[in-house]
Amino acid sequence: MEFKKNILCIGAGYVGGPTMAVIALKCPEYRVEIIDIDEERIRQWNSDNIPIFEPGLDEIVKQTRGKNLFFSTDIKNGIKKADIIFVSVNTPTKTFGEGAGMASDLQHWEKTAHTIVDYASNDKIIVEKSTLPVRTAEAMERILKSSNRGIKFEVVSNPEFLAEGSAVRDLLEPDRVLIGAHKTPEGLKAEKEMVDLYSHWIPRGKIITTNLWSSELSKLVANAFLAQRISSINAISALCEKTDADISEISYAVGSDSRIGPKFLNPSIGFGGSCFKKDILNLVYIAQNYGLLEVANYWEMVVKMNEYQKQRFVQRIVKELFNTVAEKKIALFGFAFKANTGDTRDSPAIHVTKQLLEERAIVSISDPKALNNARIDLKGIDRDVLYEPDPYKAAEKACAIAVVTEWEEYKTLDYERIYRSMKKPAFIFDGRNILDHKKLYEIGFNVYPIGKTQLTHFE
Ligand code: NAD
Ligand code: UGA
């Protein structure tokens, strides 16, 4: 079949995979190819067990793969054929040199730009899909213009706002799609091309077009604002625990103000995931580089508050278990950074486990989707870790349960059975406030929610 356009995506990860699968589904007349340097990942995308768990994704991949969606490692041919190239490689926090621990590590992204220059043989639109520091397109353009073969590249920014666990829904019905382009004739042509692509399924009113720098910066700001709400509510949760105010009542009361809104006000043991911390630190680094120290310090507090919340959770477990957890079994319910994903990147569970191991506890980890990743995260330090798919077994003979991920199935477990199997006194630390605390208390547990009065049987 003759396709109208060839789309290439470089990077077959959590963003590249689902995003391109949905484009392939909605634009059957476009040929969509996803390439990666990771051969194993591409093999998995071509198999019955795709490499990421995301509700609804399996079906879409099955429907489109081999028709107009292709996974490959053939970077050279992919680039040659493509009219539009999405760059969706990872941009983690730099771990070395200037800006280590703060700035984005752009080495994968830069390599991609050079590879495009090396293999391109006709004009192309290059789309920044990865989250990048503001003004990255400028550097991208410099590299692309270094080709003296007369090929024209137009760079546009199209950041991705999907959240893991709801990626398919977010892609099918996004709040908005953002496209940043230069306001030159070539830039506007590329912008129109992108608008046409998304217009296949997204109402025009939801497609926002801006200049390139606003688009790049909006992505960092959106993540910073979302994370800031979590740090704000978590900060107040600490105050609730001192005052008998109830964080759920506060979230509801405050979020009912239509100017504030109800979403993203769930207290937790802190936000995790591969992006919030990395993107805020990147924002902080950029502000510092422009000499805006107050701006940098303001946003850095969001990350510091998050670290505090994680520490506070573990300190509370240790304190309530009579100031020692040495040789005590503690069951973690959940290891993924949020429910409905197997992703554990920067999961608060990693911090909690490491701290508990430092205190010489035996940590028994249960999670419906993330145990394989947990094994990788804890490799070399997991002598006292048990990996147990069955939460009932994980809790057997444990002194305490810590709910770390808000998996739906933890709400409906038989907690009477669990209580009977545990050492007494039995403790439960609900790091997500998903359980029925009164009922647990009545069963016999000593219950420690986040930002609420504890329910204990002690005098
Ligand atoms: P990921 O690590 O899952 O995927 C990136 C992929 O790029 C990897 O498979 C890697 O092998 C591949 N890659 C790296 N260098 C390459 C090269 N030179 N050629 C070909 N492939 C290469 O990362 P991700 O979670 O998909 O994130 C990608 C970007 O999207 C990041 O900038 C991230 O901040 C952003 N983002 C992520 C999410 C999310 O939910 N994960 C949401 C929005 C935005
Ligand atoms: C987040 C953003 O929501 C996406 O818009 C963005 O595209 C993405 O980052 C990215 O750039 O990578 P994600 O990290 O997948 O998506 O998941 P979120 O739902 O935002 O949750 C992040 C963390 O915050 C999780 O650990 C979650 O449990 C926690 N959280 C979320 C809370 O503690 N409280 C809340 O009220 C909401």
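One can find the structure itself at the top, above this paragraph.
Now for a quick tour of the structure.

Reading the values: rules and limits
- Residues numbered from 1 in each chain as written.
- Chains lettered and ligands numbered in written order.
- Predicted model: local features only at pLDDT ≥ 70, side-chain atom pairs only at ≥ 80, totals over all residues.
- Heavy atoms only, no water.
- Phe/Tyr/Trp six-rings, centres within 6.5 Å; stacked < 30°, edge-to-face > 60°.
- Buried < 20%, exposed > 50% of the residue type's maximum accessible area, 1.4 Å probe, protein only.
- Helix = DSSP H or I, 4+ residues; strand = E, 2+ residues; numbered from the N terminus.
- Near = heavy atom within 4 Å.
- Polar contact = N/O pair within 3.5 Å; in protein donor to acceptor, adjacent residues only side chain to side chain.
- Areas by Shrake-Rupley, 256 points an atom, 1.4 Å probe, with all protein chains shown as cover.
- Nonpolar A, V, L, I, M, F, W, Y, C, P; charged D, E, K, R; others polar.
- Patch = residues over 30% accessible without salt bridge, like charges linked within 9 Å, V, L, I, M, F, W, Y side chains within 5 Å.
- Salt bridge = Lys/Arg side-chain N within 4 Å of Asp/Glu carboxyl O.
- Expected span 1.5 Å × (residues − 1).
- Bend = angle between axes of the 7 residues up to and from the residue.
- Core = buried A, V, L, I, M, F, W, Y, C linked by side-chain atoms within 4.5 Å.

## Overview of the packing of aromatic side chains
Each aromatic ring pair is specified by the distance between its two centres and by the angle formed by the two planes. Overall, the coordinates contain 15 aromatic pairs when judged by the stated rule. Where Tyr298 meets Trp299, the ring centres are 5.0 Å apart and the plane angle is 80°; that geometry is what we call edge-to-face. The partly exposed category is assigned to Tyr298, whose relative accessible area is 49%. Judged by its relative accessible area of 11%, Trp299 falls in the buried class. Arranged with centres 6.1 Å apart and planes meeting at 20°, the rings of Phe427 and Tyr448 form a pair that is stacked. Placement of Phe427 in strand β13 (residues 427-430) and of Tyr448 in strand β14 (residues 446-449) is noted, with a sequence separation of 21 residues between them. Accessibility classification places Phe427 together with Tyr448 in one group, the buried group.

## Regarding the site of ligand 1
Taken together, 25 residues form the shell around ligand 1, and within it Asp36, Arg41, Thr91, Glu164 and Lys278 come nearest. Thr131 is positioned with one of its backbone polar atoms (N or O) 2.9 Å from an oxygen atom of ligand 1. Across the complex, the protein chains shield 92% of the 830 Å² of accessible surface that ligand 1 would expose by itself. Class assignment for the residues of the shell around ligand 1 results in seven nonpolar, ten polar and eight charged.

## Digging into a nonpolar patch on the surface
Together, Tyr290, Leu292 and Val295 make up an exposed nonpolar region whose accessible area comes to about 300 Å². Within the secondary structure layout, Tyr290 lies in the loop between α11 (276-289) and α12 (293-320). In this structure Tyr290 comes out as exposed when scored by relative accessible area, which is 55%.

## Some remarks on helix α9 (residues 212-243)
Relative to the 46 Å expected for 32 residues at 1.5 Å per residue, α9 spans 47 Å between its end C-alpha atoms, a close match to the ideal helical length. Where α9 bends most, at Ser218, the angle is about 25°. Capping the start of α9 is the job of one residue whose side-chain oxygen sits 2.9 Å from the backbone nitrogen of Trp213: Asn211. Positive backbone phi, at 65°, marks Asp244, one or two positions downstream of α9.

## With respect to the nonpolar core
Within the largest apolar cluster, 56 residues are counted, with the highest numbers of intra-cluster contacts made by Phe333, Leu356, Ile401, Tyr415, Ile418 and Phe445. Ranked by the residues each element gives to this core, the list is headed by helix α13 (residues 348-358), at five residues.

## A closer look at the site of ligand 2
The environment of ligand 2 is formed by 20 residues, the closest being Phe161, Leu162, Lys219, Ser268 and Arg432. Within the backbone of Phe161, one N or O atom sits 2.7 Å away from an oxygen atom of ligand 2. Across the complex, the protein chains shield 90% of the 700 Å² of accessible surface that ligand 2 would expose by itself. Take the shell around ligand 2: its biggest share by element is four residues, from α9. Across the shell around ligand 2, the residue classes break down as eleven nonpolar, four polar and five charged.

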